[in-house]
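Read off the chains here:
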Amino acid sequence: MAHGVVTGPAGPADGSAESDDRRPHRPGWLGGSPARLGGLTFGLTQAVLLFWWAARYPGLFSPDSLDHVWQATTGNWNTHHPVSYTGLVWLSVRLTGGIGWLTLVQTTALAAGLAYAVTGLRRIGGPAWAWTTAAVVVVALPPVGTFTVCVWKDVPFVVCHVFLLGTVARMLAARRPEATGAQDRARGVGPDGGRPSRGNAGTVVRPAAPAPRAAGRPAGNTWRMPWELLGALAAELTLSCLFRQNGFVVAAIVTVLLALLLRGTALRILLAGVVAATVALLTNWALLPALGVRDSESIVAYEAFLADLAIGYAERPADFPAADLALLTKVAPLSHWRQSADCYTVDSTVYHPDFDRSAAAAHHEDLLSAWWRLVRRSPETVLAARICRGSIAWRPTPAGGLRANPTAWALPTYLERDPRFQRPEVLAVAYSRPLAEPVSDVADELSSRVGQPEWLLWRGATWAYLAYLTVGLLAWRRRDRAVLALATLSLGNQLSVLAVNNAQAARYMAAPFVLGVLLLPLLAARHPDRAGPGARAANRAWWTGASAGAGGEPPLRVTDLTVVGEPGIAGPADPLDPDHRLGPASRLDPADQLARADQLDPADRFHPSDQLEPDRRPDWTDQVDAGDEPGLRPPPIGPAEWWTDSADRYR
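Please read these numbers as outputs of a predicted model, since none were measured by experiment.

**Let's talk about the overall build of the protein chain**
At step 1: Within the protein chain, the secondary structure is distributed over 27 helices and two strands.
At step 2: Residues counted as buried form 47% of the 651 residues belonging to the protein chain.
At step 3: Put simply, of all contacts in the protein chain between residues at least 6 apart along the chain, 79% involve residues at least 24 apart.
At step 4: Of the roughly 30,700 Å² that the protein chain leaves accessible, carbon and sulfur atoms contribute 60%.

**Some words on the state of the cysteines**
At step 1: Tallied over the entire structure, the rule returns one disulfide.
At step 2: Free cysteine: Cys160, not disulfide-bonded; nearest cysteine sulfur from Cys241 at 9.6 Å.

**Topic: helix α18 (residues 379-389)**
At step 1: Those residues of α18 that sit buried are Thr381, Val382, Ala385, Arg386, Cys388 and Arg389. Seen along its axis, α18 keeps its buried residues to an arc of 165°; they face one direction.
At step 2: Along its buried surface, α18 packs onto α12 (303-315), α17 (364-377), α19 (391-394) and α25 (488-499).

**Some points on helix α2 (residues 63-74)**
At step 1: For α2, built from 12 residues, the straight-helix expectation of 16 Å at 1.5 Å per residue is met to within 8% by its first-to-last C-alpha distance of 16 Å.
At step 2: Those residues of α2 not exposed but buried are Ser65, Leu66, Asp67, His68, Val69, Trp70, Gln71 and Ala72.
At step 3: Summarising the contacts, the buried residues of α2 are in contact with α3 (83-96), α20 (411-417) and α21 (424-427).
At step 4: Looking one or two residues past α2, Gly75 carries a phi angle of roughly 80°, positive in sign.

**Re unusual backbone geometry**
Negative phi characterises most residues that are not glycine, and trans characterises most peptide bonds.
At step 1: The amide bond that connects Tyr57 to the next residue, Pro58, takes the cis arrangement and shows omega of -5°.
At step 2: Checked against the element boundaries, Pro58 lands in the loop between α1 (34-55) and α2.
At step 3: Even without being glycine, Arg479 reaches a positive phi, approximately 55°.

**Re the pattern of salt bridges**
At step 1: Considering all chains together, one arrives at 15 salt bridges under this definition.
At step 2: Across the pair Asp444 and Arg56 runs a salt bridge whose closest N-O atoms are separated by 2.6 Å. Taken together, the residues span a long stretch of sequence, with Asp444 in helix α22 (residues 437-449) and Arg56 in the loop between α1 and α2 at a distance of 388 residues.
At step 3: Using a relative accessible area of 28% as the deciding quantity, one classes Asp444 as partly exposed.

**Digging into the environment of Ala54**
At step 1: Mapped onto the elements, Ala54 comes out in helix α1.
At step 2: For Ala54, a relative accessible area of 14% corresponds to the buried category.

**With respect to the environment of His80**
At step 1: Within the secondary structure, His80 sits in the loop between α2 and α3.
At step 2: A C-alpha to C-alpha distance of 9.9 Å links His80 and Gln245, two positions 165 residues apart in sequence.

**Some points on empty space enclosed by the protein**
The method is simple in principle: a probe with the dimensions of a water molecule rolls over the atoms, and the space it marks as empty is what remains.
At step 1: Counted according to the given criterion, the structure contains five cavities of 30 Å³ or more.
At step 2: Going through the elements one at a time, α6 (142-148) and α26 (510-518) are the ones with two or more residues in the lining of the largest cavity.
At step 3: Tallied by class, the residues present in the lining of the largest cavity amount to 10 nonpolar, one polar and one charged.

**Section: the packing of α1 against helix α5 (residues 128-140)**
Between two packed helices, both the angle of their axes relative to each other and the distance between the axes serve to describe the pair.
At step 1: Two elements in contact, α1 and α5, have axes whose closest approach is 9 Å; the angle formed by their N-to-C orientations is 15°. Judged by the inter-axis angle, α1 sits roughly parallel to α5. Crossing handedness for the pair α1 and α5: right-handed. Taken together, the residues of α5 that come into contact with α1 (itself represented by Leu37, Thr41, Leu44, Thr45, Val48, Leu49 and Trp52) are Ala128, Thr132, Ala135, Val136, Val139 and Ala140.
At step 2: Here the residues of the contact of α1 with α5 are counted per class, giving 10 nonpolar, three polar and no charged.

**Quick look at the nonpolar core**
In globular proteins that are soluble, nonpolar side chains generally tend to be buried together.
At step 1: Residues Val89, Leu121 and Leu486 are the most contacted members of the largest nonpolar core, which totals 104 residues.
At step 2: Broken down by element, the residue count for this core peaks at 12 residues, all from helix α7 (residues 154-173).
At step 3: Those residues in contact with Val89 that lie beyond four places of it in its chain are His68, Val69, Ala72, Ile99, Leu102 and Val151.
At step 4: Judged by nonpolar contacts, the second largest core, of 22 residues, contains Leu306, Tyr313, Leu328 and Val375.

**Considering a nonpolar patch on the surface**
At step 1: A surface patch of nonpolar side chains, amounting to about 360 Å² of accessible area, comprises Leu383, Ile387, Trp394 and Tyr465.
At step 2: Within the secondary structure layout, Tyr465 lies in helix α24 (residues 460-478).

**Quick notes on the side chain of Thr146**
At step 1: If you trace the backbone, Thr146 turns up in helix α6.
At step 2: Given a relative accessible area of 8%, Thr146 falls into the buried group.
At step 3: What Thr146 contacts, discounting residues up to four positions off in sequence, is Trp52, Leu60 and Asn405.

Rules of the game
Residues numbered from 1 in each chain as written. Predicted model: local features only at pLDDT ≥ 70, side-chain atom pairs only at ≥ 80, totals over all residues. Heavy atoms only, no water. Helix = DSSP H or I, 4+ residues; strand = E, 2+ residues; numbered from the N terminus. Buried < 20%, exposed > 50% of the residue type's maximum accessible area, 1.4 Å probe, protein only. Contact = heavy atoms within 4.5 Å. Areas by Shrake-Rupley, 256 points an atom, 1.4 Å probe, with all protein chains shown as cover. Disulfide = S-S within 2.5 Å. Arc of directions from axis to C-beta. Expected span 1.5 Å × (residues − 1). Salt bridge = Lys/Arg side-chain N within 4 Å of Asp/Glu carboxyl O. 1 Å grid on protein atoms, 1.4 Å probe; cavity = no way out; pocket = protein on both sides within 12 Å on 5 of 7 lines; lining within 4 Å. Points joined across faces, edges and corners; volume = space filled by probe spheres on them. Nonpolar A, V, L, I, M, F, W, Y, C, P; charged D, E, K, R; others polar. Axes fitted to C-alpha atoms, helices over the stretch in contact; angles between N-to-C directions. Parallel < 35°, antiparallel > 145°, perpendicular 65-115°, else oblique. Left-handed = near helix turned anticlockwise from the far one by under 90°. Core = buried A, V, L, I, M, F, W, Y, C linked by side-chain atoms within 4.5 Å. Patch = residues over 30% accessible without salt bridge, like charges linked within 9 Å, V, L, I, M, F, W, Y side chains within 5 Å.

What follows is the structure, encoded as structure tokens:
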């Protein structure tokens, strides 16, 4: 009688991606289908968002929202706000006569983005139920639910980031770097060509089923991003640039960081970033002027510089030369420059009756020159002002007075503040009329109860730091720095807001808020060391970025165990079975093992070349241990072999 152990690469026989826990497959309430997971996530999140849409129908408006409506309904298109979102407002008004369909599409787009992100992140690890739960929880929070139905350019900007997270997750999951000998493994040939080796004496090693997706991949740590992911990345970066003015900064930071972390496909990532920036710039510089969109000549882009001048003058008025003082006087009285200085917001300086915005626009080049002189004269003053004004980006605790989402009862105030908004075209669109009063009452009660603490429910910086902690912990546990790519989106937003910011508005950090909540299930992703035997050797390249299995074969796993006995042969008492619990046909006989070895095919017999050199002998720490694999138990025939369940043979 003899026994044989069939081993092969630690992966499914069909070449499909294997989950990080590698436990026996047990269909759960979400099943094993990504389509089922995505469909359920979309359905649940859409249902929650429909609740917010019905409660705040047709949408929530701020002064920026009303400016979009005024441009779209009167034909006075300009570049004060992103024209791409003004176009969506115009399309909704033109097709449906109102703004409700636009906010409905926003809810659907976010639900679809969450489903796309969840199915991508599930490939990295974590239980399916946790991903769906995180998606539902994030849209159920009043800060996110009411934000989604706001008539804001920030909403599609955040939706683009959710889709970007799903694409980056798929890029990480698609990595299949091949070490040397990849061609042999693709053909199903083991390290010894399928013959027994000295290190596996008594074990028949059969060729494992080839992994179809690994065939044809380049060797080493170079891998190619699928073209569909490259196109998705370029499209998402392009839309991010078109929906917000600081989208270019975010796209540039994210592109560079992804290229550094995913070096095997850095050129393609840089290509996607260049394409996105080129398309967005050509749209703004060539297409919009050709369509008759005029330059607003607004000073929005310079408001932060003007606020720096106010702070510099308030702190050190004697340092300003006479020419700069005369320039400031053309725009506003010097007393206004001094009294309006506030490092948290620019509004007190540039949105005051004493401040002449037309004069500031006419002298914006001279004002920028005065700002440069202030930087050279007192750089610490400007740096401190920028850090203070960027508090919403880096500070978790309240500071400077937070601007939350607009409310329905504030709309009449906004309409009365500006004569442009009193036109019938604007009033016909900008109103608040919930579809059902009971739903609105529930939303009001929920918003009042789940509105504090500010550091947790409104500060995007808190969730950015939690995202860094979550992703960093997973990268450290897996010894894979490429996982840090999941945090690049939050970091790009944080740095862009820190560099240029005008107020402490929560919407500026809405994307890190949503992404931070969505990434929490990564804490439940299992450690590779607990994912099966041989996994410790699979991730030895930490900061070097080398292939996990560079220079060696993938870890082997026991996939089958066959005990063969000839009936009718009785042997002496087995020391491993003193109580005779095994039947006679299952007892081990050394004579049977020798006889079995003598029956090996001549082509499979040992040759001198099969002897392992001393430095190639396997380390005892790489031996299979039943304690490393859940669901396996040692058999009564001894600790050297495993008795496996039939479900384990196909894992």
